[in-house]
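Overview (structure and organization)
Here is what each chain is made of, one letter per residue.
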Amino acid sequence: MKHVIHSLGGRGGRRSVLVHGGAGDVAPERRPLHAAGCLRAAREGARVLSEGGSALDAVERAVRVLEDDPLFNAGTGACLNEEGHIELDASIMEGRGLRAGAVCALSDFAEPIAIARAALEDGRHVLYAAHGAARFARMKGFSPVGEAALITEAAREALAAAQQGIRATSWAGNTVGAVALDEGGLTAAATSTGGTVNKRVGRVGDSPLIGAGTYADDEAGAVSTTGHGEGMIRLVVAHSAVERMRAGIDAVDAASGIIAHLAERLDITGGVIALDRTGRFGLARSTATMSWAAVGDWGEESGV
Ligand SMILES: NC(=O)C[C@H](N)C(=O)O
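Residues numbered from 1 in each chain as written. Predicted model: local features only at pLDDT ≥ 70, side-chain atom pairs only at ≥ 80, totals over all residues. Heavy atoms only, no water.

Under an unreviewed UniProt entry, the name given to the chain is Isoaspartyl peptidase/L-asparaginase, and the organism recorded is Sorangium atrum.

A few words on the overall build of the chain. For the chain, the count of helices and strands is eight helices and 13 strands. Taking the principal axes of its C-alpha atoms as reference, the chain extends roughly 45 × 45 × 35 Å. Sorting the 304 residues of the chain into buried and exposed places 58% on the buried side. Of the contacts formed within the chain by residues at least 6 apart in sequence, a portion of 71% connects residues at least 24 apart. Of the accessible surface of the chain, which amounts to about 11,700 Å², a share of 49% is contributed by carbon and sulfur atoms. (Helix = DSSP H or I, 4+ residues; strand = E, 2+ residues; numbered from the N terminus. Buried < 20%, exposed > 50% of the residue type's maximum accessible area, 1.4 Å probe, protein only. Contact = heavy atoms within 4.5 Å. Areas by Shrake-Rupley, 256 points an atom, 1.4 Å probe, with all protein chains shown as cover.)

Taken together, the neighbourhood of the ligand is formed by Gly173, Asn174, Thr175, Gly195, Thr196, Arg203, Gly205, Asp206, Ser207, Thr226, Gly227 and Gly229. The contact in question runs from an oxygen atom of the ligand to an N or O atom on the side chain of Thr226, over 2.9 Å. In the environment of the ligand, an oxygen atom lies 3.0 Å from a nitrogen or oxygen atom belonging to the backbone of Gly229. Look at the ligand: alone it shows 270 Å² of surface, and the protein chains cover 97% of it. Spatially, the ligand is embedded in the largest pocket. Its residues placed into classes, the shell around the ligand shows no nonpolar, 10 polar and two charged. (Near = heavy atom within 4 Å. Polar contact = N/O pair within 3.5 Å; in protein donor to acceptor, adjacent residues only side chain to side chain. 1 Å grid on protein atoms, 1.4 Å probe; cavity = no way out; pocket = protein on both sides within 12 Å on 5 of 7 lines; lining within 4 Å. Sits in = over half its atoms within 2 Å of the grid points. Nonpolar A, V, L, I, M, F, W, Y, C, P; charged D, E, K, R; others polar.)

The computed volume of the largest pocket comes to approximately 1,200 Å³. Around the largest pocket, the lining comprises 45 residues; the ones closest to its centre are Ala168, Trp171, Gly173, Asn174 and Val197. Those elements that place two or more of their residues in the lining of the largest pocket are α5 (153-163), β9 (221-227) and α6 (229-234). Here the lining of the largest pocket is composed, by residue class, of 15 nonpolar, 21 polar and nine charged. (Points joined across faces, edges and corners; volume = space filled by probe spheres on them.)

A few words on helix α2 (residues 55-68). Over its 14 residues, α2 runs 20 Å from end to end, which matches the ideal 20 Å to within 8%, given 1.5 Å per residue. Taken across its 14 residues, α2 has 11 buried, putting it largely inside the fold. Within α2, the full set of buried residues consists of Ala55, Leu56, Ala58, Val59, Glu60, Ala62, Val63, Arg64, Val65, Leu66 and Glu67. Tucked inside the fold, the buried residues of α2 contact β2 (16-24), α1 (31-50), β3 (88-94), α3 (112-122), β6 (175-181) and β7 (187-193). (Expected span 1.5 Å × (residues − 1).)

As a further point, take the packing of α1 against α2. Between α1 and α2, the shortest axis-to-axis distance is 8 Å and the interhelical angle comes to 150 degrees. Between α1 and α2, the angle is such that the two are roughly antiparallel. Taken as a pair, α1 and α2 cross one another with a handedness that is right-handed. Counted together, Gly37, Cys38, Ala41, Glu44, Gly45, Arg47, Val48 and Leu49 of α1 and Ala55, Asp57, Ala58, Arg61, Ala62, Val65 and Leu66 of α2 form the full contact between these two elements. Residues belonging to the contact of α1 with α2 are distributed by class as follows: nine nonpolar, two polar and four charged. (Axes fitted to C-alpha atoms, helices over the stretch in contact; angles between N-to-C directions. Parallel < 35°, antiparallel > 145°, perpendicular 65-115°, else oblique. Left-handed = near helix turned anticlockwise from the far one by under 90°.)

Reading across the sheet, the eight strands line up as β5-β4-β3-β7-β6-β2-β12-β13 and stay open at both edges, with mixed pairing between neighbours. Pairing within the sheet leaves two strands with one partner each, and these edge strands are β5 (127-129) and β13 (299-303). Shown here is a sheet whose adjacent strand axes are inclined to one another by a mean of 10 degrees, direction ignored. Pairing between β3 and β7: six bridges, direction antiparallel. Counted as the bridge partner of Ile92 is Ala190 from β7. Along the sheet, α1 contacts β2, β6, β12 (289-296) and β13; its crossing angle with β12, the most-contacted strand, is approximately 30 degrees. (Pairing = 2+ DSSP bridges.)

A few words on the nonpolar core. Ranked by internal contacts, the top residues of the largest apolar core, which has 46 residues, are Val19, Ile92 and Ile115. The leading source of residues in this core is α2, at eight residues. Among the nonpolar cores identified, the runner-up in size contains 36 residues, and Leu18, Tyr215, Ala251 and Ala255 belong to it. (Core = buried A, V, L, I, M, F, W, Y, C linked by side-chain atoms within 4.5 Å.)

With that settled, consider the environment of Gly194. Inspection of the secondary structure assignment puts Gly194 in the loop between β7 and β8 (214-217). Given the relative accessible area of 0%, Gly194 is considered buried. Those residues in contact with Gly194 that sit more than four places away from it in its chain are Asn73, Ala74, Ala78, Cys79, Glu87, Leu88, Asn174 and Lys199.

Along an α-helix, residues three or four positions apart point the same way, because every turn accommodates 3.6 residues. Buried within α5 we find Ala155, Leu159 and Ala161. Seen from one end, α5 has its buried residues packed into an arc of 165 degrees, which puts them on one side. Counted as exposed and oriented over 90 degrees from the buried face of α5: Ala154 and Glu157. Trailing α5 by a residue or two, Gly165 shows a phi angle of about 75 degrees, which is positive. (Arc of directions from axis to C-beta.)

Following this line, the structure appears as structure tokens:
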């Protein structure tokens, strides 16, 4: 196999939050920044849990922190499509009632994960797209911020480089995600992204698709993915990893197993974070880097 798979895990426990900041190839000197950003988000998620919030509240909060951090290319700082516009994708799911909410191809809003959460709570539909997603967001009280507020200079430079065929020397993927377990045994997962740099208008990746980018089931565990969305969709990666845990495989082997399958079957790279129903975590990547952090009653850890 040409892709080298790195995996880690087996630790964790009660009241855990695990986040990722995207599979990619971050330059060595920038890696500590990415790990620190993930740790800030995971600590915020863990704080929500320690104040009595649910796993769903915790993953939403952790992803919101990452969306607002321009270092990570979701929400503010999201990558641009081939016409220089933002189209955001996000999804969230809880593992007890298997309720889920998602938005895709959404521009103008800074908090796609909160809008996905509103869809989950509303309960009528799972996934809202483009102007319908924007209309739903306004109906639920969210205000558009204007696309200009979300576009960063780094995103413009990344698009220009991609259109000139220049390979980025340092990139973090364009996705963030979180999985959590709370005291009551609820699991939850959330993923948010700008998609891929220079994508065609209307392209939707794996991140807003329940089963591909995000999945949670209290009987097994929770997963968020990052990487080549077209491959993630075709192998239904998040659900497949959860099903591995349901079959008794631990979180780290479930994560590395599905990333190996992605490499072998489709020759595609990516990363996965997984939390089993006891809160033990696992993560795997076939890219050079995937920043991450985990915080729980048992302690905290982070890395790239
Ligand atoms: N970097 C990423 O994780 C991108 C995301 N999976 C997508 O294809 O939209």
